[in-house]
Amino acid sequence: MHIPDGFISPGLSAGLVGASAAILGYSISRLRRAFTSKVPVRAMSTGMSTVTSGTRRVLTSAGEITLYKMGMVAALVFAAQMFNFPVDSGTSGHLIGGVLAAVLVGPFAGAVVISVVLAVQMLFFADGGVLALGANIVNMALVGTVICYYIYHALKQKLPEWIAIAAASWVSVFLAAFSCAVQIGLSGTIAIGAVIPAMLKIHAVIGVAEALITIAFVYVFRSLITENRQEQQE
Amino acid sequence: MKKLMLFVLAVTVLASFLASSSPDGLEMVAEKLGFIEMASDRASVMPDYTVPLLPEGGISAALAGIAGVMISLSVFWAAAFWLKLRSRTRSQH
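From a predicted model like this one, the values you see are computed outputs, not experimental measurements.

Student: A description of the overall build of chain B should follow, citing residues and the corresponding values.
Tutor: Across its full length, chain B carries three helices and zero strands. Projected onto its principal axes, the C-alpha positions of chain B cover 65 × 30 × 25 Å. In chain B, which comprises 93 residues, the share counted as buried stands at 33%. Residue pairs in contact within chain B that sit at least 24 positions apart in sequence constitute 46% of those at least 6 positions apart. Accessible area for chain B stands at about 5600 Å²; split by element, carbon and sulfur atoms hold 66% of it.

Below, the structure is given as structure tokens:
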């Protein structure tokens, strides 16, 4: 559900660009804290003793590994989003991958991964509008990734993980479609009362595929990553 | 990560040959409700996930897809490389 330019009014688009910048800024600052550790900086040497003043942040090896992993998740999400499957006569759907990314690398890293994929699609493939990138990031990286991660997290406490993944994935498509429809309706492009039910109806079906693909890809990704770790230890 | 990369490339190539070319959920709704013509088309390097100059089809889509996969991957790997380099060089002072 990549919104092209023209569906959303310039004013709302600009507001959503601001919102997406705030989401990304917050996510990146969280990752920066998680991926780096503070080390003292030797500022000056006075005679025989060195005076340490201040600290600086250095990338930890765990942070480095997570960045490599985020790259693999971004690659997988990009590939999976190309796979349009038929859902109804004359209609197709494809994975959003927000819950997939959040389950594999966490909600904020997941939001950055989805945003990067959306930006690459917009820049190189004309998929999704330039001004609409803010709306697409809000719908898929905030609503479809961060918010649905917490649904997954809450359900996981009581239910088997695959059920939590399935439910959160389905909800992610439904909520992202709702958010997208509200933005289009508020822009005056089409009556909000017409676009919301139409979007929800088709995406309720697409969400089922999102759930199935997400479960499968989470297990494939985890098994291929662990296999890799064992290889390295040998 | 080699096996994972092979899996991602397999998904890309399969998608290139098997993906449905029907409009997606949003496009279908826009067509049905009659606001699809409000979408502005624009030029791009690889429009519609195809490589220009190549005949349309699976191979063109696969090459465009592999390019997209590599660009997405390298954003993060470049970030890791750059941060590592920065961490190392400054600590030698």
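Student: Got a sec to walk through the pattern of salt bridges? Specific residues and values, please.
Tutor: Scanning the model with the defined rule gives two salt bridges over all chains in all. With its nearest N and O atoms 3.1 Å apart, the salt bridge here joins Lys84 of chain B to Glu64 of chain A. You can see Lys84 of chain B sitting in helix α3 (residues 58-91) and its partner Glu64 of chain A sitting in helix α2 (residues 61-82), one on each of two chains. Among the residues examined, Lys84 of chain B registers a relative accessible area of 28% and is labelled partly exposed. Its relative accessible area of 15% is what places Glu64 of chain A among the buried residues. Across the pair Glu161 of chain A and Arg222 of chain A runs a salt bridge whose closest N-O atoms are separated by 2.9 Å.

Student: Lay out the packing of aromatic side chains with the relevant residues and their values.
Tutor: The final tally for this structure, using the stated rule, is 10 aromatic pairs over all chains. Their ring planes at 55° and their centres at 6.1 Å tell us that Phe78 of chain A and Tyr49 of chain B sit as a pair that is tilted. Remark: Tyr49 of chain B occurs in the loop between α2 (25-33) and α3 and Phe78 of chain A occurs in helix α2; the pair is interchain, linking two chains. We note that Phe78 of chain A, like Tyr49 of chain B, is buried.

Student: Go over the packing of helix α5 (residues 133-158) of chain A against helix α6 (residues 161-186) of chain A with me, naming the residues and quoting the values.
Tutor: Residues and elements named next belong to chain A. Relative to each other, α5 and α6 sit at 150°, their axes nearing to 8 Å. The orientation of α5 relative to α6 falls into the category roughly antiparallel. You can see that α5 and α6 cross each other, and the crossing is right-handed. The segment α5 lies against α6, with Ala135, Val138, Asn139, Val143, Gly144, Cys148, Ile151, Tyr152, Leu155 and Lys156 engaging Glu161, Ala164, Ile165, Ala167, Ala168, Val171, Ser172, Leu175, Ala176, Ser179, Cys180 and Gln183. Split by residue class, the contact of α5 with α6 holds 15 nonpolar, five polar and two charged.

Student: Describe the packing of helix α3 (residues 98-105) of chain A against α5 of chain A, listing the residues and the values that go with them.
Tutor: When two helices pack together, their arrangement is given by the angle between the helix axes and by the axis-to-axis distance. Residues and elements named next belong to chain A. Look at α3 against α5: their axes get within 8 Å of each other, and the N-to-C directions meet at 65°. Handedness of the α3/α5 crossing: right-handed. The residues of α5 that touch α3, namely those facing Gly98, Val99, Ala102 and Val103, are Gly144, Thr145, Cys148, Tyr149 and Tyr152. Considered class by class, the residues forming the contact of α3 with α5 number six nonpolar, three polar and no charged.

Student: Which residues make up the nonpolar core, and what are the values?
Tutor: Residues Met1 and Met70 of chain A are the most contacted members of the largest nonpolar core, which totals 96 residues. A per-element tally of this core places helix α7 (residues 192-233) of chain A first, with 15 residues.

Student: So, unusual backbone geometry: which residues are in play, and what are the values?
Tutor: All names here are of chain B. The backbone of Tyr49 shows a phi angle near 55°, a positive value even though the residue is not glycine. Assessed through its relative accessible area of 15%, Tyr49 is described here as buried. Backbone geometry at Leu53 places phi at a positive 80°, although glycine is not the residue there. Mapped onto the secondary structure, Leu53 falls in the loop between α2 and α3.

Student: Before we move on, can you summarise the pairing of strand β3 (residues 85-88) of chain A with the specific residues and values?
Tutor: Across three bridges, β3 of chain A lies against strand β4 (residues 91-93) of chain A in antiparallel orientation. Bridge assignment links Pro86 of chain A to a residue of β4 of chain A, and that residue is Ser92 of chain A.

What counts, and where the lines are drawn
- Residues numbered from 1 in each chain as written.
- Chains lettered and ligands numbered in written order.
- Predicted model: local features only at pLDDT ≥ 70, side-chain atom pairs only at ≥ 80, totals over all residues.
- Heavy atoms only, no water.
- Helix = DSSP H or I, 4+ residues; strand = E, 2+ residues; numbered from the N terminus.
- Buried < 20%, exposed > 50% of the residue type's maximum accessible area, 1.4 Å probe, protein only.
- Contact = heavy atoms within 4.5 Å.
- Areas by Shrake-Rupley, 256 points an atom, 1.4 Å probe, with all protein chains shown as cover.
- Salt bridge = Lys/Arg side-chain N within 4 Å of Asp/Glu carboxyl O.
- Phe/Tyr/Trp six-rings, centres within 6.5 Å; stacked < 30°, edge-to-face > 60°.
- Axes fitted to C-alpha atoms, helices over the stretch in contact; angles between N-to-C directions.
- Parallel < 35°, antiparallel > 145°, perpendicular 65-115°, else oblique.
- Left-handed = near helix turned anticlockwise from the far one by under 90°.
- Nonpolar A, V, L, I, M, F, W, Y, C, P; charged D, E, K, R; others polar.
- Core = buried A, V, L, I, M, F, W, Y, C linked by side-chain atoms within 4.5 Å.
- Pairing = 2+ DSSP bridges.

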